[in-house]
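The lines below spell out each chain.
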Amino acid sequence: MPTQQSFATGSACPDLEGGTLRVYSMRFCPYAQRALLVLTHKNIPHEVVNINLKNKPEWFLQKNPLGRVPTLEKDDRIVYESAICCDYLDQVYPDNKLTPDDPYRQARDKMTVEVFSQFVSDFQKMMSSPPQEKPESLQKIKNNLSELESSLTARQGAYFGGNAVQMLDFLLWPWFERILIFAKVVPLTFSLEDYPALCEWTKKMPECPAVQKCRLDPQQFLEFYKSTKAGAPDYDVGLGKDS
Amino acid sequence: MSEKALGRGSQCPPLAPGTLRLYSMRFCPYAQRTRLALLHKNIEFETVNINLKQKPDWFRARNPIGLVPVLEFDDKIVYESNVCNEYLDNIYPTPKLIPTDFYRASRDKMLWETFGKVTELFYEIPKSVADGSLDKCIRRYERQLRRYESELSNRGEYFGGSSPCMVDFMIWPWFERIPVLTIIAPEAEIDPNKFPHLSSWMKLMMELPAVRETYEEPTSHVHFFSSLRAGNPDYDYGLK
């Protein structure tokens, strides 16, 4: 099993055995976590290679010219962009299917992901903007959360997938996991309690075995976050020398 | 049906059962992606153009994000150009524009999902002329275009090989708008010596009926873009 330590510029690419599925990842990246959730939930055997995203190895840029995680590799096949990776995995490993077969339902789910990606960018903007600019981002965030709340309520079940966790739940979860961690240490300008269905969902998701297996260590995450704010992301925070 | 853009205070034209409607805007590249797919697949549809600066409430009710394209059919609503086009390809699979092979489909999706790296430069290049960083911007532009040049060289005349596929239609609208860019930055011209495959591809695309039908002359694009920058977008430019 390869190390969890991240690979940086100048490193050698660890050998990939024929027939093995590898995911290039980063321990605190929410986009990569989407792919890990799907891999874990569907019990797809895989190995993980973590990438130093500030100082990317040249060999990684050969595989993905955009240099982003997650990136999947198996034999000669490379897939990147998180939503595409997740869909690809769901199709190629069809047991425990996570996406609906009906084209319209598929489309509605993808539209929810698009609404959500607006939320992600507004949330990131709010976290990094000075206090006086926060009100505009905040209003956008509240609108997005209202949309998501309506979407969830319409699905008549505890999950975006209805009565069971489906792809949409995994695609959204990583950001809510982080919001819950932040909420314990900083006052958030919005409250999830205002969105009762979403609030319940954030309590149910941690019961899912894949969510548990892929969970962030809150302390390590906060240390990583602090290190990124300081301009020197510590991708290997919390790892011992032999990890 | 009128082509004029409908704005605040307007009534939503009634939609007959069984009719597919596209909410659009005549100069929007994202809506053009869906128009191209509809036309290439010979799907019958009607168009309602939207005043995106003064959106009607009935439009926001259909798409909370408030953008075009939006498809409406009986009680079904689909928005986001990539979602619309995938949905159309599922419901109207002749001709199929997205491969049925999962890996090939993923590679195609990666091409249009990462095309944003090119489109963002369409906004940055004009700004960089003003602030003196044009050279750097053009280098980034060419680096991103090289990904598509390289991919095209492996595939054939079109990204779909001997006939166009979804990738060709998803990226075309910006290539149509390059003449607008080159007025401010001639360096943005697609040089056939640097990009021989993309240059040939652009000529081939212009021969497709769907591309010809959605094509707007550079002067129209320039006029619209200037009116947009001036804060008063002329959505109905060119209409009698």
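Residues numbered from 1 in each chain as written. Chains lettered and ligands numbered in written order. Predicted model: local features only at pLDDT ≥ 70, side-chain atom pairs only at ≥ 80, totals over all residues. Heavy atoms only, no water.

Caption draft 1: Looking closely at the overall build of chain B. When helices and strands are tallied, chain B shows 11 helices and four strands. Relative to the 2.2 N^0.38 estimate, which gives 18 Å for 240 residues, the radius of gyration of chain B is 18 Å and therefore close to what a compact globule would have. Along the first, second and third principal axes, the C-alpha set of chain B runs to 50 × 45 × 30 Å. Counting all 240 residues of chain B, 52% fall into the buried class. The long-range fraction of contacts in chain B, counting pairs at least 24 apart against all pairs at least 6 apart in sequence, stands at 68%. (Helix = DSSP H or I, 4+ residues; strand = E, 2+ residues; numbered from the N terminus. Rg over C-alpha atoms; globule rule 2.2 N^0.38 Å. Buried < 20%, exposed > 50% of the residue type's maximum accessible area, 1.4 Å probe, protein only. Contact = heavy atoms within 4.5 Å.)

Caption draft 2: Spatial organisation of the interface of chain B and chain A. On the chain A side, the residues contacting the 25 residues of chain B number 24 residues. Interface area, chain B with chain A, both sides summed: about 2200 Å², of which 69% is carbon and sulfur. In terms of surface lost to chain A, no three residues of chain B exceed Phe102, Tyr103 and Met110 of chain B, which account for 26% of the buried area on that side. Counting across the chain B and chain A interface gives one salt bridge. Between glutamate 86 of chain B and lysine 110 of chain A there is a salt bridge, with the nearest N and O atoms lying 3.7 Å from each other. For the pair chain B and chain A, the number of links is four residue pairs in polar contact (both at pLDDT 80 or more). At the level of elements, β4 (76–79), α3 (81–91), α4 (102–113) and α6 (134–155) of chain B are the ones that each hand at least two residues to the side of chain B that touches chain A. (Buried area = accessible area lost by both parts, 1.4 Å probe. Salt bridge = Lys/Arg side-chain N within 4 Å of Asp/Glu carboxyl O. Polar contact = N/O pair within 3.5 Å; in protein donor to acceptor, adjacent residues only side chain to side chain.)

Caption draft 3: Broad picture of the pattern of salt bridges. Residue and element names in this part refer to chain B. Following the criterion strictly, the structure yields 20 salt bridges over all chains and no others. One salt bridge connects glutamate 3 with arginine 26, and the closest N-O pair in it is separated by 3.9 Å. Taken together, the residues glutamate 3 in the segment before β1 (20–24) and arginine 26 in the loop between β1 and α1 (29–40) connect sequence positions 23 residues apart. The partner of arginine 21 in a salt bridge is glutamate 46, with the nearest N and O atoms 2.7 Å apart. Here arginine 21 is found in strand β1, whereas its partner glutamate 46 is found in strand β2 (residues 46–49), with 25 residues between them in sequence. Note on arginine 21: relative accessible area 0%, which makes it buried.

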